[in-house]
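Geometric and topological summary
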Amino acid sequence: MHTAEKKIKITDVDPVELFGPQETHLQLVENKFDTTITVRGDTVILRGEPAEIKQIESILSELSYTLRRTGKLTLTDVSMIMDLVEGGRSGSAPPMTSEELDSVILWGKKEVIRARTPRQKEYYQKVQKNDLVFCIGPAGTGKTFLAVAMALSALRANEVNRIVLSRPAVEAGESLGFLPGDLSEKIDPYLRPLLDALADMVSPDKLKSMIERRIVEIIPLAYMRGRTLNHSFIILDEAQNSTRMQMKMFLTRLGQQSKAIVTGDITQVDLHRNVESGLRGVQTLFNGIDGIDFVEFEKMDVVRHRLVADIVHAYEMDDERRGKNRSDGPTTKGS
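Throughout this document, residue positions are counted from 1 along each chain, in the order its sequence is written. Side-chain atom pairs in this predicted model are given and counted only at pLDDT of 80 or more, local residue features only at pLDDT of at least 70, and totals for whole chains, interfaces and linings cover all residues. Hydrogen atoms and water are omitted, and side-chain values are computed over all heavy atoms in the structure.

Description of the nonpolar core
Residues Tyr-123, Met-150, Leu-152 and Phe-233 are the most contacted members of the largest nonpolar core, which totals 37 residues. Ranked by residue count, the leading element in this core is helix H7 (residues 143–156), at 9 residues. We call two residues contacting when some pair of their heavy atoms lies within 4.5 Å. With near-sequence residues (within four places) excluded, Tyr-123 lies in contact with Val-133, Cys-135, Gly-142, Lys-143, Leu-146, Ala-147, Met-150, Ile-261, Thr-263, Val-295 and Phe-297. Here, nonpolar core refers to any group of buried Ala, Val, Leu, Ile, Met, Phe, Trp, Tyr and Cys residues whose side-chain atoms link them within 4.5 Å. When a residue's accessible area, from a 1.4 Å probe over protein chains only, is under 20% of the maximum for its type it is buried; when over 50% it is exposed; and in between it is partly exposed. Helix and strand definitions follow DSSP, with helices as H or I runs of at least four residues and strands as E runs of at least two, each counted in order from the N terminus.

Looking at the pattern of salt bridges
Working definition: two side chains of opposite charge can pair if their charged atoms are close together. A pair is scored as a salt bridge if a Lys or Arg side-chain nitrogen falls within 4 Å of a carboxyl oxygen belonging to Asp or Glu. In this structure the tally under the stated criterion is 17 salt bridges. For the salt bridge of Glu-217 with Arg-227, the shortest nitrogen-to-oxygen distance reads 2.9 Å. Residue Glu-217 is located in strand E8 (residues 216–220), and its partner Arg-227 is located in the loop between E8 and strand E9 (232–236); the two are separated by 10 residues in the primary sequence. The class for Glu-217 is buried, based on a relative accessible area of 5%.

Section: the sheet that holds E9
Pairs of strands are assigned from DSSP output, requiring at least two bridges between the strands. Ordered by their spatial adjacency, 6 strands build an open sheet running E8-E7-E9-E10-E6-E11, and the pairing between neighbours is parallel. The open sheet is flanked by E8 and strand E11 (292–296), the only strands paired with a single partner. If you compare each strand with its neighbour and ignore which way they point, the axes differ by 15 degrees on average. Both E9 and strand E10 (residues 259–264) contribute to a ladder of 4 bridges, which runs parallel. The residue bridging Leu-236 from the neighbouring strand is Val-262, located in E10. For helices, the fitted axis covers only the stretch in contact; all axes are lines through C-alpha atoms, and the angles between them, taken along N-to-C directions, range from 0 to 180 degrees. Running at roughly 170 degrees to E11, helix H6 (residues 118–129) makes contact with strand E6 (132–136), E9, E10 and E11 of the sheet. Relative to the sheet, H7 contacts E6, strand E7 (162–167), E9 and E10, its axis offset from that of E9 by approximately 170 degrees.

Focus on the environment of Met-224
Topologically, Met-224 is positioned in the loop between E8 and E9. Spatially, the C-alpha atom of Met-224 lies 8.3 Å from that of Ser-166, the residues being 58 residues apart in sequence. Contact partners of Met-224, with chain neighbours within four places excluded, come to Val-164, Ser-166, Ile-219, Leu-229, Ile-234, Met-249, Phe-250 and Arg-253.

Concerning the sheet that holds strand E1 (residues 4–9)
Reading across the sheet, the 3 strands line up as E1-E3-E2 and stay open at both edges, with antiparallel pairing between neighbours. The open sheet terminates on both sides in strands that have one partner only, identified here as E1 and strand E2 (36–40). Each strand axis lies, on average, 20 degrees off the axis of its neighbour in the sheet, ignoring direction. As paired elements, E1 and strand E3 (residues 43–48) share 6 bridges and run antiparallel to each other. By the bridge assignment, Ala-4 is partnered in E3 with Gly-48.

Function-wise, these values are silent; they only describe arrangement.
This is the structure we're talking about:
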């Protein structure tokens, strides 16, 4: 992928009016594209693919024209101009059928990310319709990857202002203070899968910019306490390793105009045996509540390497054998 850089000097309008309060107009544009936008005084620096840079130049030109003509600029103006300027993002990819287009979640930097199995389509549709969705199933079914794609899609569509990604750091527990490095280095191994998913969808420069500007936050579950997250898309990954109280704490962070996805595999709980997983029993607990829905993946929904489905199946068979052996057990004398 060829990356270019271009500097645009703003001379014919007030940069503050053009960029918006706290650069909200530019942030709206940047959320829509993979290109990184940096402001240095009255100069805009664009770093990204040449085709995208050209589109953003056109958007800035139209925004400047609107500002000169009307004397003001609103977020609605910015959204309308982007819709007019931005065309299809599929490049030279072969045309899709209407059914395939309906399943597209995000036009990623490498490929089109879409729901590929009936259960993934169900997942996508339920997230569109509900504010809270629990997605439970084995490894390799796309639970986390698709959740991150849906979050980015909502951000690009201006449905939310930020993305908050969280995971429990179970193995670290109270020993985080004894691990080497600062907090970021200590928790990085636990949050790395979320970063990897993001890195597959946006460029390194763009991801760095989004994290620095707190458009994307990646934090351990324990650090969610006390917050109210408005206009956010929130994902709790590996939720089987949250306690019941942690799950309650997370779910009550949900603020106005926000969505949340909770993912996990109830067969891979790493908590101590006497600690109840917060993911167990959620369907019974929240059954019938409007705005909450559930998706359950099975091994047939695995979309990673074909061996992953076989590995999941092998473990399931072994668990069944172990359970049967324990239930049969050795008989005692006299029975």
